[in-house]
Amino acid sequence: MTDFADAALATTARMRAVFPATPCMRNAYLSQKYDCDLWLKREDLSPVRSYKIRGAFNAMRKVRAEHPEQDLFVAASAGNHAQGVAFACQHFGVRGVIYMPVTTPQQKIQKTRTFGGDEVTIELTGDYFDDTLAAAQAFCDEAGGHFLSPFDDPNVIEGQASVAAEILAEMETPPDIVIMPVGGGGLSSGIRRYLTDMAPQTRMILVEPEGGASLTAALAAGEPVTLDGVDNFVDGAAVARIGAKTFEVLRDVDPKDVRIAPEDRICTRIIEMLNIEGIVLEPAGALALDVLDDLADEIRGKSVVCITSGGNFDFERLPEVRERAQRYAGLKKYFILRLPQRPGALRDFLEMLGPKDDIARFEYLKKSARNFGSVLIGIETDDAANFPSLFQRLDAAEFVYRDITNDVTLAEFLV
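Residues numbered from 1 in each chain as written. Predicted model: local features only at pLDDT ≥ 70, side-chain atom pairs only at ≥ 80, totals over all residues. Heavy atoms only, no water.

Novice: Please set out a nonpolar patch on the surface residue by residue, giving values where relevant.
Specialist: Taken together, Leu346, Leu350, Ile359, Phe362 and Tyr364 make up a surface patch of nonpolar side chains, about 370 Å² in accessible area. Breaking the nonpolar patch down by element, the ones donating at least two residues are helix H16 (345-350) and strand E12 (358-364). Counting residues per element, the nonpolar patch draws most heavily on E12, which supplies three residues. For Ile359, the position within the fold is in strand E12. (Patch = residues over 30% accessible without salt bridge, like charges linked within 9 Å, V, L, I, M, F, W, Y side chains within 5 Å. Areas by Shrake-Rupley, 256 points an atom, 1.4 Å probe, with all protein chains shown as cover. Salt bridge = Lys/Arg side-chain N within 4 Å of Asp/Glu carboxyl O. Helix = DSSP H or I, 4+ residues; strand = E, 2+ residues; numbered from the N terminus.)

In structure tokens, the structure reads:
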């Protein structure tokens with residue numbers, strides 16, 4: 001056993017005084033669907049509904065051990081890290097100041113307040129996380145606090161490695177494959193270091209969101225790079241630049257073992273797990289499950305652990321998640337129809353619809369005395385194959401239309 005593995009095991013044992021190990025549960029539905037022995041490491045069932053409590057607890061514990069006088073900890077976070085830090089502050093009885101973007105959902109703000117109690121102050125600053133981070137670091141320097149990084153800290157990495165320690169302790173034999181999300185790299189680097197030491201035969205597959213593929217970019221460049229832009233939908237893993245310390249652990253990962261998850265496809269998995277299994281996952285929490293279809297041939301007959309890293313899902317987002325899932329599955333489309341301004345034109349269009357086609361949106365974009373008017377149409381159906389036949393009927397009737405479902409700029413503006 002290496003020094004790192006020994007330290008991670010000791011850290012895992014210390015966590016038992018604070019919270020129990022999260023369960024590693026065999027999932028019959030996914031095991032049958034993919035013809036494998038599939039287990040879920042349920043980090044969504046931790047006290048703060050994510051694995052972030054682990055790194056925050058370990059880092060704060062070690063700082064306090066070396067500097068007992070340090071009683072102020074500062075963090076910047078839009079959600080899960082904030083809750084982990086708040087929980088740790090309450091446990092150790094130290095002051096915490098957590099900076100969060102002004103745009104943070106109220107659910108996450110309230111949960112952070114609940115976990116931190118009187119020990120934690122929340123400062124809402126900045127529309128974007130970079131502004132929030134800069135404000136937090138400036139305050140930390142001025143107030144003499146300790147800045148607690150969400151991932152790029154050796155003690156955080158060691159704390160996150162406890163996830164792997166629990167997996168090996170809970171399973172009779174090491175799994176063939178562990179699939180995990182990657183954002184800033186704290187979880188993935190901790191698990192990689194531990195499994196490399198303790199279960200080198202286990203293959204690790206890392207999954208990052210398409211709109212925040214910072215590890216993929218770093219592997220291609222040979223060093224961390226800052227992405228030009230990030231899609232924040234997968235807010236728990238959408239990171240513009242992977243950590244320097246975490247990349248040192250991940251720099252020799254085979255690029256074939258880093259998979260990309262499209263945001264809309266993640267939504268289909270969130271809906272599936274909610275409807276079929278009753279499991280509530282946030283977008284980052286569903287990352288490891290999202291790539292199972294891509295890996296179907298590689299996981300068949302194997303023992304597989306997917307880490308469901310978080311369940312802090314704001315149900316106000318559910319309509320958006322359902323919408324994106326439907327569009328990805330081809331069950332919902334938006335198009336602009338050029339409708340003749342004459343009696344019976346709308347009836348002619350309605351007669352083109354199939355028995356399973358439902359109008360979800362109908363809006364005139366322009367009202368005028370012109371011969372034609374533009375109409376925004378949203379159609380839902382139960383089978384993606386219904387749309388080609390609908391468009392064939394519209395073409396035969398010489399209706400003029402434009403499918404804008406995948407036109408991001410136009411669809412976001414109109415829909």
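Novice: Describe the pairing of strand E7 (residues 177-181), and please don't skip the residues or the numbers.
Specialist: Here E7 lies mainly inside the structure; five of its five residues are buried. Residues Ile177, Ile179 and Pro181 point to one face of E7 and Val178 and Met180 to the other, with burial holding for every one of them. For E7 and strand E8 (residues 203-209), the ladder comprises five bridges, and the chain directions are parallel. For Val178, the partnering residue across the bridge sits in E8 and is Met204. With helix H9 (residues 186-198) bridging E7 and its parallel neighbour E8, the resulting β-α-β unit is right-handed. Summarising the sheet, E7 and strand E10 (residues 303-308) pair through three bridges and their orientation is parallel. Bridge assignment links Val178 to a residue of E10, and that residue is Val305. (Buried < 20%, exposed > 50% of the residue type's maximum accessible area, 1.4 Å probe, protein only. Pairing = 2+ DSSP bridges. Right-handed = clockwise from strand over helix to strand, strands pointing away.)

Novice: So what's going on with the state of the cysteines? Residues and values would help.
Specialist: In a disulfide, the sulfur atoms of two cysteines are covalently bonded to one another. Within the structure shown, the criterion is met by zero disulfides. Cysteine Cys36 remains unbridged, with the sulfur of Cys306 as its closest cysteine sulfur at 7.8 Å. For Cys140, which is in no disulfide, the shortest distance to another cysteine sulfur is to Cys89 and amounts to 12 Å. Residue classification places Cys140 among the buried positions, given a relative accessible area of 4%. (Disulfide = S-S within 2.5 Å.)

Novice: Please set out the sheet that holds strand E14 (residues 400-403) residue by residue, giving values where relevant.
Specialist: Spatially, four strands are ordered E12-E13-E11-E14 in an open sheet, and the strand pairing comes out antiparallel. Because the sheet does not close on itself, it has two edges, and the strands there are E12 and E14. On average, adjacent strands in this sheet sit at an angle of 25 degrees to one another, irrespective of strand direction. Pairing geometry for strand E11 (residues 332-340) and strand E13 (residues 372-380), over nine bridges, is antiparallel. Bridge pairing in E13 links Lys332 to Glu380. (Axes fitted to C-alpha atoms, helices over the stretch in contact; angles between N-to-C directions.)

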